[in-house]
Structures are given as structure tokens and as C-alpha cells.
Amino acid sequence: MPASSYAYLGPEGTFTEVALRTLPEAATRELVPMISVPAALDAVRGGEVEAAFVPIENSVEGGITTTLDELVAGRPLMIYREVLLDITFALLVRPGTKLSEIKTVTAHPAAQTQVRNWLKAHLPDAAWESSASNADGARLVQEGRYDAAFAGKFAAERYGLEPLVTDIHDAENAQTRFILVGRPARPSAPTGADKTSVVIWQREDHPGALMELLQEFAIRGVNLMLLQSRPTGKGIGDYCFAIDAEGHITDRRVAEALMGLKRVCPQVRFLGSYPRAGVAVEDVRPPRAGTSDGEFVAASDWLARCQDGRF
Ligand SMILES: O=C(O)C(=O)Cc1ccccc1
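Our subject in this report is the structure included herewith. The structure presented is a predicted model; accordingly, all values stated were derived computationally and were not measured. (Residues numbered from 1 in each chain as written. Predicted model: local features only at pLDDT ≥ 70, side-chain atom pairs only at ≥ 80, totals over all residues. Heavy atoms only, no water.)

### Observations regarding empty space enclosed by the protein
Going through the model one piece at a time under the given rule, you end up with three cavities of 30 Å³ or more. Phe-15, Pro-55, His-108, Ala-110 and Asn-134 are the residues nearest the centre of the largest cavity, which is lined by 17 residues in total. Looking at the lining of the largest cavity, the element that brings in the most residues is helix α4 (residues 109-122), giving three residues. For the lining of the largest cavity, a count of residues per class yields nine nonpolar, eight polar and no charged. Counting contributing residues, the lining of the largest cavity receives three or more from each of domain 1 (1-87 + 170-185) and domain 2 (89-168). Empty space within the second largest cavity amounts to approximately 80 Å³. Sorting the residues of the lining of the second largest cavity by element identifies α3 (65-72), β11 (175-182), β12 (194-201), β14 (239-246) and β15 (267-275) as the ones contributing at least two each. The element that contributes the greatest number of residues to the lining of the second largest cavity is β14, accounting for three residues. A per-class count over the lining of the second largest cavity returns 11 nonpolar, one polar and two charged. Taken domain by domain, the makeup of the lining of the second largest cavity includes at least three residues from each of domain 1 (1-87 + 170-185) and domain 3 (186-311). (1 Å grid on protein atoms, 1.4 Å probe; cavity = no way out; pocket = protein on both sides within 12 Å on 5 of 7 lines; lining within 4 Å. Points joined across faces, edges and corners; volume = space filled by probe spheres on them. Helix = DSSP H or I, 4+ residues; strand = E, 2+ residues; numbered from the N terminus. Nonpolar A, V, L, I, M, F, W, Y, C, P; charged D, E, K, R; others polar. Domains from an automatic or database assignment.)

Take a look at the structure:
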């Protein structure tokens, strides 16, 4: 596997692959399908690939916990890009299969919540089995292990299947967010429409503990876009929090919020600052009064002058 390659959640024909191919840099890399998110991220940690492209969140189910848990623990990784993809499923079957003949269906667990109502209405007696990815489900249908798979329509041809039903989605406008993850290095320069991801651990259980952490963002006018709690595995009630905040680590208000967290949390893991998918710089709300870079710089200059008695 050459180092100028990107691993992704495979096999060929996943939504992940479709999302990855929308990145211009993917055209110049070898794309290597992997069987699971941990396998893709381990290939990054081991230096076998330059980066890995994996799903992180969808608008119906929330966080993809395998990915979050991988980013929270183990050797640190960093997020460099994100991609949003609209998701609708097709029911893929071996040619000639009728709806009435389907007894078993499969897909990635994150697909289940997106097709649950459709399944209840059209295949109420079908048994559900999870597969490693939606394309892997299609592969298993080709092999005869299941009767049908929920996957992208585009996966049908690759696995010799036919889309019996298309455009299946319980929720309108369902989207999945994917991230490009690499080893830690300097984040790309701010674009004006950026996002910063961190994981924070709280010091101890006490009233208002989470509010104290969130207030580091609130008082500096930093908007939060994701807050996902994950168990640390150390015992019931012991959680860390994955947070996406609007802005770049080089924005003063974001940097100050992160420093605030670093002072009060036992551990903070920086996961990267990267351009927001689908957001133009003109659409980003301007900083709240008193939280622009200029205002932070003016305040720290004033403080330095006070400390010097030069005011
Ligand atoms: O990329 C895929 O095909 C996956 O299996 C992950 C996934 C699951 C559900 C919706 C979008 C992506």
C-alpha cells in the first residue's frame, strides 16, 4: 500500500467511496477499500496510508460510534476534511427476486434507522442482520447469504444485483457526514468557514460540570455544532464529550476557549480544524460583538500596557 493512498470504508460501492471521490485530492491518490473503520484508521496510525476516509455522523441516527470511539482513544489522529452526502437507499436483490420472497435483509447498522419505517410497511417479517458496510451487505446478497441489501443504487451493478425498490428514506434530506483522517500535523490554513473538533474529559462529577465546560465556548461567542457524549469505559456515568465548534484554532475566540478547557479539564484532545462542507464564507455569521480577533488582540495589548504602567 503506497503512502500516497487513502484507505476508506469499503468494499467498493459504499456511500463512503462516493463521498470520497468528491474530494479533488482523491483523484491523485490510490483509494484502498478496507473492511472496517478501525482497520482504515489503523492503516493511518501504522503509516501504511496517508489518510483514511470514514463516516462520522448522520442526520437521522447521530454519531457513528465506531468512528468516534476510534478518534477518542488510541494514538492521536487528526481530521483534515469533511464531506456531506445526501443518502437514499435502494433495495438490492439478485436478479428476478420478488419482494414477497425476501426473508432476510442486511445493511450497515447506521442504515437501519433510516429505513425502519419502510421496512415495517413493506417487509414486516424480514429478519435484519447488520453488515460491515452497505456495500458489504450487497456483496453478501451476491454470495447468497441474504435475500436483499439496503445500499446505494450505484452498488447494484458492481455486485450483479438489481435495484428492486429505489429512493428509500424514512426522513427527508437525510445526510451523512464523512471525514478525512490523518496523522497529526499542522491544520490547513483558515478559510473563513471552518470547524474545530475536540474531545474533552470532565474533572469530576459535580453539579453544573458540563455547563462549566460549555461555558468556555459560550462566553467567547463560539457556536457549537455537535456535542456527543461517549462512555469512557471506566464505569457507569463516566463520559467524555466530542465537540464540534464553529471556527478555526487560529481564531482567537476558539483558541481562548480551548485554552480555557485545557485549564479545567484533565484531558483535551484536539481533533483538527478544517473547512466546513457546504458552507460558503458569506454564510458564516460574523463574530458576536467583543469576540473578533481584532478585539482579542486589542484587549491583550491593553493588558500588556497596564502591566507596564503605559496606559
Ligand atoms: O458508506 C457506506 O456505505 C456505509 O456503510 C456507511 C454508511 C451507513 C449509512 C449511511 C451512509 C453511510
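What follows continues from the structure just given.
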